[in-house]
Amino acid sequence: MAPSSDVNHLSHPCIYGDYSSSRSERKSGFMKWLSKLFRGGSNRGRGGRHLHEPAEESMVWGAPSRALDDGARAQKEKEDLGHAMALSSAEDLKRPNAHRGYSWGEDTGDDYSKALQDTLNSSSHPPCAPTPFYPHEYRRLCGGCNQEIIYGNCLGYMDTYFHPNCFRCHSCRYPITEREFSLSGKHPYHKSCFKELTHPKCEVCFQFIPINAAGLIEYRCHPFWSQKYCPSHEYDNTARCCSCERLEPRNIKYYRLEDGRSLCLECMESAITDTGDCQPLYHSIRDYYEGMQMRIDQQIPMLLVEREALNEAIEGEKNGFHHLPETRGLCLSEEQTVTSIHRRPRIGGHRLIGMRTQPQKLTRKCEVTAILVLYGLPRLLTGAILAHELMHAWLRLKGYRNLNPEVEEGICQVLSYMWLESEVMPSFQTMPSTSTASASSSSSSKKGAKSQAENKLGEFFKNQIANDSSPAYGGGFRAANEAVNKYGLRDTLEHIRLTGFFPL
């Protein structure tokens, strides 16, 4: 959008009218007196000898008649000229500023009449009309076609003049005929064209974003996706993707999950919707931990569940800190019966229907009972949640007790972030851990090369971790990440085990 300081909205900016000048007006005034006399002569029966009354823009003289011989003609023209000058003088005396008289350049009225009389007496007087005369300093060039404006209407703005058809919008290139237009720099625009170029449109309803009561354009913008939308869409029940947070545009239909969540088309492409489909991803992340010398020996069940089942499991946990407003994963330590997704739902229209669930009794065989993850999320987000919950399991199995939320959630977020980095980074880069972990992570993707859209999702999930505003998840991650970058993961974990805090 062009800076507001460079944009003007002009009202009635154009000069509409015939091209004329004050000197030409004075000149035509004298010629009108002369034409009166010539018309009077024609009324006396001398046909063919008259001077056309000139318009304000062009003065055309009629060719002299050859009916009379040259001597008689010259004598008659002298008499008519004297009569015309007498009439002109009499009319001038009646005007308030008669004492000033007319002027053309530096000549007086007498000088002009004398020059005209000398021309009429000349034997070389041409038998055709002379071309119109305009002083050089009053000639105007069109700012559009660069041709001289000789006759007709003209438009003017900023000391530049145009033929009406040459004054055109800088955007659509059509002539500007309205008496109001917008100006950006030196370029004129139709007001509608300028609004189309500069006024932001909502990316949800595709209308111009309305102006608020203060006369300002107010809109919301997603910090990562830069999706601009009207403020009203935050409370008018517009669907929002439960994975990437983008609002549903009016021309696209999101998928509806059975627990009420919505999923955009890009996230749906790699969504994992049942426990069986998630097992390969789960085992690849366990391999990732093993590559960093953080092997988990116990076989911990992993289940994909609906939102309601996850919330019930959270209520059954005695301990634990959970991310609000919605928890997407849980590391269980208590024995519970959990309803998991046994068979994936099928797509019916834009809804996922026909999902089968089954209750599963979880018994405690170690410090960790199971890992639960919300179903229907894209592969990279599901993997990031699994990496986070597996770190909770590793800490409990290795004897890390009574850690405060900032330390435990912070270090778990670091492992989630590291796994995402290994998935979305270019293949020629190395991971900030060991080469073994890099090798294991390269085989963690079971779907081959990821699309550009999926890599962009991975960057978004990393951004969500890095810029989380909560004290435990966001503040804890930034403190843990600083310690890991400074001392390494192994030394940081050892310091946490001994002191319960991050090394400074």
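Further up the page is the structure itself.
Please read all numbers here as calculations on a predicted model, not as lab measurements.

The rules behind each value
Each chain has its residues counted from 1, following the order in which its sequence is written. Owing to the predicted nature of the model, reporting of local features is limited to residues with pLDDT of at least 70; listing and counting of side-chain atom pairs is limited to 80 or more, with chain, interface and lining totals taken over all residues. Heavy atoms from the whole structure form the basis of all side-chain values; hydrogens and water molecules are not counted. Numbering of helices and strands runs from the N terminus, with a helix taken as a DSSP run of H or I at least four residues long and a strand as a DSSP run of E at least two residues long. Given a helix with a known number of residues, its expected span is that number minus one, times 1.5 Å. Think of it in three bands: residues with accessible area under 20% of the maximum for their type are buried, residues over 50% are exposed, and the middle band is partly exposed, with areas taken using a 1.4 Å probe on protein chains only. At least two bridges found by DSSP between two strands are what make those strands a pair. Only residues whose relative accessible area exceeds 30% and that form no salt bridge are eligible for patches; like-charged ones are grouped when within 9 Å, while nonpolar side chains (Val, Leu, Ile, Met, Phe, Trp, Tyr) are grouped when within 5 Å. Working definition of accessibility: Shrake-Rupley area with a 1.4 Å probe, residue cover restricted to the visible protein chains. Counted as salt bridges are all cases of a side-chain nitrogen of Lys or Arg within 4 Å of a carboxyl oxygen of Asp or Glu. Only C-alpha atoms enter the line fits that serve as axes; for helices the fit covers just the stretch in contact. Angles between N-to-C directions range over 0 to 180 degrees. Contacts: residue pairs with any heavy atoms within 4.5 Å of one another. For this count, His and the chain ends are skipped, Lys and Arg are scored as positive, and Asp and Glu as negative. Two rings from Phe, Tyr or Trp (for Trp, the six-membered ring) form a pair when their centres sit within 6.5 Å of each other. Planes less than 30 degrees apart are called stacked, planes more than 60 degrees apart edge-to-face, and all others tilted. Ring-over charges, as used throughout, are those where CZ of Arg or NZ of Lys falls within 6 Å of the ring centre and within 35 degrees of the ring normal. By convention, the crossing between two helices is left-handed when the near helix turns anticlockwise from the far helix through less than a right angle, and right-handed when the turn is clockwise. Note on angle classes: values under 35 degrees are labelled roughly parallel, values over 145 roughly antiparallel, values of 65 to 115 roughly perpendicular, and the remainder oblique. Only Asp, Glu, Lys and Arg are considered charged in this grouping, and only Ala, Val, Leu, Ile, Met, Phe, Trp, Tyr, Cys and Pro are considered nonpolar; every other residue, Gly among them, is considered polar. Here, nonpolar core refers to any group of buried Ala, Val, Leu, Ile, Met, Phe, Trp, Tyr and Cys residues whose side-chain atoms link them within 4.5 Å.

**Q** So what exactly am I meant to see when it comes to helix α8 (residues 379–397) here?
**A** For the α-helix, the turn length of 3.6 residues means that residues three or four positions removed from each other point alike. The end-to-end C-alpha distance of α8, which contains 19 residues, comes to 26 Å, matching closely the 27 Å that a straight helix rising 1.5 Å per residue would cover. Burial of α8 is extensive: 18 of the 19 residues sit out of reach of the surface. Just downstream of α8, G399 is the residue with a positive phi angle, here 90°.

**Q** In this structure, what is going on with the pairing of strand β21 (residues 370–374)? I would like to understand it.
**A** It is a general feature of regular strands that their side chains alternate between the two faces of the sheet. Counting buried residues in β21 gives five out of five residues, a clear majority hidden from the surface. Alternating positions in β21 separate into two faces, A370, L372 and L374 on one and I371 and V373 on the other, with burial throughout. Note that strand β16 (residues 329–332) and β21 share four bridges and pair antiparallel. Following the sheet pairing, C331 is matched in β21 by I371.

**Q** Where do I start with a nonpolar patch on the surface in this structure?
**A** Together, I211, I217 and Y219 give the surface a local cluster of nonpolar side chains, amounting to about 250 Å² of exposed area. Its location among the elements puts Y219 in the loop between α4 (191–198) and β10 (220–221). Exposure remark for Y219: the relative accessible area of 33% places this residue in the partly exposed category.

**Q** So what exactly am I meant to see when it comes to the sheet that holds β16 here?
**A** Two orientations exist for strands paired in a sheet by backbone hydrogen bonds: parallel and antiparallel. Read from one edge to the other, the open sheet built from three strands follows the order β15-β21-β16, with strand pairing classed as mixed. Edge positions in the sheet fall to β15 (302–305) and β16, since each of these pairs with one other strand and no more. Here the average twist between neighbouring strands, direction ignored, is 20°. Together, β15, β16 and β21 form the strand contacts of helix α7 (residues 307–316), whose direction differs from that of β16 by roughly 40°.

**Q** Where do I start with unusual backbone geometry in this structure?
**A** Working note: non-glycine residues mostly have negative phi, and peptide bonds are mostly trans. One non-glycine residue, F206, lies in the positive phi region at around 65°. Note on placement: F206 falls in the loop between α4 and β10. Backbone geometry at S226 places phi at a positive 55°, although glycine is not the residue there. Within the secondary structure, S226 is located in the loop between β10 and β11 (228–229).

**Q** Is there a simple way to explain the environment of T177 in this structure?
**A** Residue position: T177 is located in the loop between β7 (160–162) and β8 (180–184). What makes T177 exposed here is its relative accessible area of 62%. Taking the C-alpha atoms as reference, T177 lies 7.9 Å from P164; in sequence the two are 13 residues apart.

**Q** Any chance you could explain the side chain of R396 here in plain terms?
**A** Within the fold, R396 resides in helix α8. The buried charged residue R396 lacks any salt bridge, with E408 as its nearest oppositely charged partner at 4.3 Å.

**Q** Quick question: what am I supposed to make of the packing of aromatic side chains here?
**A** To describe a pair of aromatic rings, one takes the distance between the centres and the angle between the planes. Per the counting criterion, the structure on display carries 10 aromatic pairs. Centroid distance Y288 to Y289: 6.4 Å. Interplanar angle 75°. Geometry classified as edge-to-face. For the pair formed by Y288 and Y289, the shared burial category is buried. With a centroid separation of 5.7 Å and an interplanar angle of 40°, the aromatic rings of W394 and Y400 are classed as tilted. Like W394, the residue Y400 is buried in the burial classification. Each residue in the set F224, W225, F460 and F461 is aromatic and connected to the rest through ring pairs, giving one cluster. Against the face of Y161 rests R140, its NZ or CZ located 4.2 Å from the ring centre. Over the aromatic face of F208 sits the side chain of K201, whose NZ or CZ is 5.1 Å from the ring centroid.

**Q** What am I meant to see in the packing of α8 against helix α11 (residues 452–466) here?
**A** A pair of packed helices is captured by two measures, namely the crossing angle of their axes and the spacing between those axes. At their nearest, the axes of α8 and α11 sit 9 Å apart, and the two run at 35° to each other. As α8 runs across α11, the sense of the crossing is right-handed. Counting all contacts with α8, which are made through R379, L380 and L381, the residues of α11 involved are E454, G458 and F461.

**Q** Before we go on, may I ask you to explain the packing of helix α9 (residues 405–424) against α11 in this structure?
**A** Two numbers describe how α9 lies on α11: the axes approach to 10 Å, and their chain directions differ by 160°. If you check the angle between α9 and α11, you find them roughly antiparallel. As for the relative orientation of α9 and α11, their crossing is left-handed in sense. Every residue of α11 that contacts α9 at Q413, S416, Y417, L420, E421, E423 and V424 is listed here: N455, G458, E459, F461, K462, I465 and A466. By residue class, the composition of the contact of α9 with α11 is six nonpolar, four polar and four charged.

**Q** Explanation requested: α11 in the structure shown.
**A** With 15 residues, α11 ought to run about 21 Å at 1.5 Å a step, and its terminal C-alpha atoms sit 21 Å apart, in line with that. Every buried residue of α11 is listed here: E454, L457, G458, F460, F461, K462 and I465.

**Q** How should I be thinking about the nonpolar core in this particular structure?
**A** Across soluble globular proteins, nonpolar side chains show a tendency to be buried alongside one another. The biggest cluster of nonpolar side chains holds 80 residues, and the ones touching the most others in it are L372, L386, M391, I411 and L489. With 11 residues, the single largest contributor to this core is α8. In this structure M391 touches Y289, M294, I411, C412, L415 and L493, once residues within four positions along its chain are discounted. Core analysis: the second largest hydrophobic core is formed by 14 residues, C142, C154, C169 and L183 among them.

**Q** Would you take a moment to explain the pattern of salt bridges for this structure?
**A** Between side chains of opposite charge, pairing is possible as soon as their charged atoms come close. Following the criterion strictly, the structure yields 13 salt bridges and no others. K201 is the salt-bridge partner of E196, the closest N and O atoms lying 3.1 Å from each other. Of the residues examined, E196 reaches a relative accessible area of 47% and is grouped as partly exposed. Owing to a relative accessible area of 38%, K201 belongs among the partly exposed residues under this scheme. Across the pair D236 and R250 runs a salt bridge, and its minimum N-O distance is 3.8 Å.

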